[in-house]
Amino acid sequence: MTAADVPAAALPDGEGAVRPGETGPAGPRRGRRRPRLPPGALPYALLAPAAVAELIVHVVPIAVGIWMSFKELTLFYIRDWSRAPGRGLGNYRVAVDLDGAIGADLLRSFLVTLAVTLLAVALSWLFGAAAAILTQDRFRGRGPLRALFLVPYALPVYAAVMTWAFMFQRDNGLVNHVLADQLHLTGGGRPFWLIGGNSFWALVTVVVWRSWPFAFLVLTAGMQSVSRDLYEAAALDGAGMWRRIRHITLPALRPVNQVLVLVLFLWTFNDFNTPFVLFGKAAPDGGDLVSVHIYHASFVTWNFGTGSAMSVLLLLFLLVATAAYLLATSRRRPAHG
């Protein structure tokens, strides 16, 4: 009996076993070869699914929107978009014509959106920074308190905004019950919060309530990189809390604040869910953000060409504002050699 007649498991150290691709007593055996990528192609292969998803979700809709902005795409051509006649820059001229009704309404909506965004971003950062600083040191109950601060950010947007809409009701809302019935701050009357000029403050309140926990979360994470030795050394030198915040905390959080403020600005300026759920399709002038205004121009008046032109103008503004902000903040950052 030869080694080929003995099972491989019975031989010491697998002696006599035939490995794939080797020539044994039964002849050559071919093993399966795994397909090999060209050198350096693995990173691109791993990024390919994300690139395809980005192309489908963002690039293609943007391209279609730009194409629609040059078409007279109204209700008459909605069934067959390819038959819509071209209009050139006509939709853009209508959107930026401040003497016309459409351009004037768009400018008013843009100014309201800019005011809401600047005020909401400033208050969200202020509340988030204050909460992050106050919960930086260890104390009993710090963990549950931090978790409580994150509740507005964790709640679904529709549930949270609908709750605020009920609270802002004029006759049976909690806001008027507290301000008018208990604190008597409204002069005996019950103000409207979801229509008229007060809608601006109602929208700012809801946006800040939803945004400041995100600022708190980001700033809390950024403070973890600040060495406690700096605070202890400053305290030994007689620096108070405000001087430590000004000369240690804020300079250390400058890179974090650069990204945080930009993200809050873009989120608030593009926010559609909050005003739409809070006011409905017919948003009042004080709560008519650009996103809702474009939706109304596109899906209520059925003028998709003009709505697409407004969307492209909004995209260009955000690109310019983002580039200017990054350029300004980068110049202020000290260079490290």
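One structure accompanies this document, and this report is about it.

### A look at the overall build of the protein
Across its full length, the protein carries 14 helices and two strands. Relative to its 337 residues, the protein shows a buried fraction of 33%. Within the protein, counting contacts between residues at least 6 apart in sequence, those at least 24 apart form 64% of the total. When the accessible area of the protein is evaluated, it comes to approximately 21400 Å², of which 65% is carbon and sulfur surface.

### Side note on helix 6 (residues 157-167)
Within the sequence span of helix 6, burial applies to Val 157, Ala 160, Val 161, Trp 164 and Ala 165. Projected down its long axis, helix 6 carries its buried residues within an arc of 140°, all on one side. Buried residues along helix 6 sit against helix 8 (198-223) and helix 12 (273-279).

### Looking at the layout of surface pockets
Of the voids in this model, the largest pocket is the one considered here, and its volume is about 780 Å³. In terms of lining, the largest pocket is formed by 23 residues, of which the most central are Pro 61, Ile 62, Gly 65, Ser 311 and Val 312. At the level of secondary structure, the elements contributing two or more residues to the lining of the largest pocket comprise helix 1 (42-69), helix 13 (290-300) and helix 14 (304-332). If you tally residues by element for the lining of the largest pocket, the top one is helix 14, at eight residues. Residues that form the lining of the largest pocket fall into these classes: 15 nonpolar, eight polar and no charged.

### Points about a nonpolar patch on the surface
Nonpolar side chains collect at one region of the surface, where Val 52, Leu 55, Ile 56, Val 57, Val 59, Val 60, Val 64, Trp 67 and Trp 81 lie side by side and expose about 770 Å² of accessible area between them. Within the secondary structure, Val 64 is located in helix 1. A relative accessible area of 34% places Val 64 in the partly exposed class.

### Observations regarding unusual backbone geometry
Look at His 184: it is not a glycine, yet its phi comes out positive at around 55°. For His 184, a relative accessible area of 59% translates into the label exposed. In this structure, Trp 302 takes a positive phi of about 60° despite not being glycine. Examined against the element boundaries, Trp 302 turns out to sit in the loop between helix 13 and helix 14. With relative accessibility at 37%, the residue Trp 302 sits in the partly exposed group.

### Section: the side chain of Ser 69
On the secondary structure map, Ser 69 appears in helix 1. Its relative accessible area of 0% is what places Ser 69 among the buried residues. Only 2.6 Å separates the side chain of Ser 69 from the side chain of Tyr 92, close enough to count as a polar contact. Residues within four places of Ser 69 in sequence aside, it is in contact with Gly 88, Asn 91, Tyr 92, Gly 305, Ser 308, Ala 309 and Val 312.

### With respect to the packing of helix 6 against helix 8
Packing of helix 6 against helix 8 leaves a shortest axis separation of 11 Å and a crossing angle of 140°. Considering their axes alone, helix 6 and helix 8 lie oblique with respect to each other. The two elements helix 6 and helix 8 cross, and the hand of that crossing is right-handed. Between helix 6 and helix 8, the residues in contact are Val 157, Ala 160, Val 161 and Trp 164 and Thr 205, Val 206, Trp 209 and Arg 210, respectively. Looking at the contact of helix 6 with helix 8 residue by residue, the class counts come to six nonpolar, one polar and one charged.

### With respect to the pattern of salt bridges
Evaluated as defined, the whole model comprises four salt bridges. Put simply, Asp 285 and Arg 108 hold a salt bridge, and the shortest N to O gap is 3.5 Å. With Asp 285 in the loop between helix 12 and helix 13 and Arg 108 in helix 3 (residues 101-134), this residue pair connects regions lying 177 residues apart in the sequence. The shortest N-O distance in the salt bridge between Arg 190 and Asp 181 comes to 2.5 Å.

### Points about the packing of helix 9 (residues 228-236) against helix 10 (residues 241-252)
In the contact formed by helix 9 and helix 10, the axes pass within 11 Å of each other and the chain directions differ by 150°. The orientation of helix 9 with respect to helix 10, classified from their angle, is roughly antiparallel. Helix 10 is crossed by helix 9, and the crossing has right-handed handedness. Contacts between helix 9 and helix 10 pair Leu 230, Tyr 231, Ala 234 and Ala 235 from the former with Arg 244, Ile 248 and Thr 249 from the latter. Within the contact of helix 9 with helix 10, the residues separate by chemical class into five nonpolar, one polar and one charged.

### A word on the nonpolar core
Nonpolar side chains in soluble globular proteins generally cluster together in the buried interior. One finds Val 116, Val 161, Phe 168, Leu 203, Val 206, Leu 278 and Phe 279 to be the most contacted residues of the largest nonpolar core, which totals 24 residues. Elements with a contribution of two residues or more to this core: helix 3, helix 6, helix 8 and helix 12. Among the elements that line this core, the one with the most residues is helix 8, at seven residues. Apart from the residues lying within four places of it in its own chain, the contact partners of Leu 278 are Val 161, Trp 164, Ala 165, Phe 168, Leu 194, Ala 202, Leu 203 and Val 206. Of all hydrophobic cores here, the second largest spans 13 residues; its members include Trp 212, Ala 215, Phe 216 and Leu 264.

Rules of the game
Residues numbered from 1 in each chain as written. Predicted model: local features only at pLDDT ≥ 70, side-chain atom pairs only at ≥ 80, totals over all residues. Heavy atoms only, no water. Helix = DSSP H or I, 4+ residues; strand = E, 2+ residues; numbered from the N terminus. Buried < 20%, exposed > 50% of the residue type's maximum accessible area, 1.4 Å probe, protein only. Contact = heavy atoms within 4.5 Å. Areas by Shrake-Rupley, 256 points an atom, 1.4 Å probe, with all protein chains shown as cover. Arc of directions from axis to C-beta. 1 Å grid on protein atoms, 1.4 Å probe; cavity = no way out; pocket = protein on both sides within 12 Å on 5 of 7 lines; lining within 4 Å. Points joined across faces, edges and corners; volume = space filled by probe spheres on them. Nonpolar A, V, L, I, M, F, W, Y, C, P; charged D, E, K, R; others polar. Patch = residues over 30% accessible without salt bridge, like charges linked within 9 Å, V, L, I, M, F, W, Y side chains within 5 Å. Salt bridge = Lys/Arg side-chain N within 4 Å of Asp/Glu carboxyl O. Polar contact = N/O pair within 3.5 Å; in protein donor to acceptor, adjacent residues only side chain to side chain. Axes fitted to C-alpha atoms, helices over the stretch in contact; angles between N-to-C directions. Parallel < 35°, antiparallel > 145°, perpendicular 65-115°, else oblique. Left-handed = near helix turned anticlockwise from the far one by under 90°. Core = buried A, V, L, I, M, F, W, Y, C linked by side-chain atoms within 4.5 Å.

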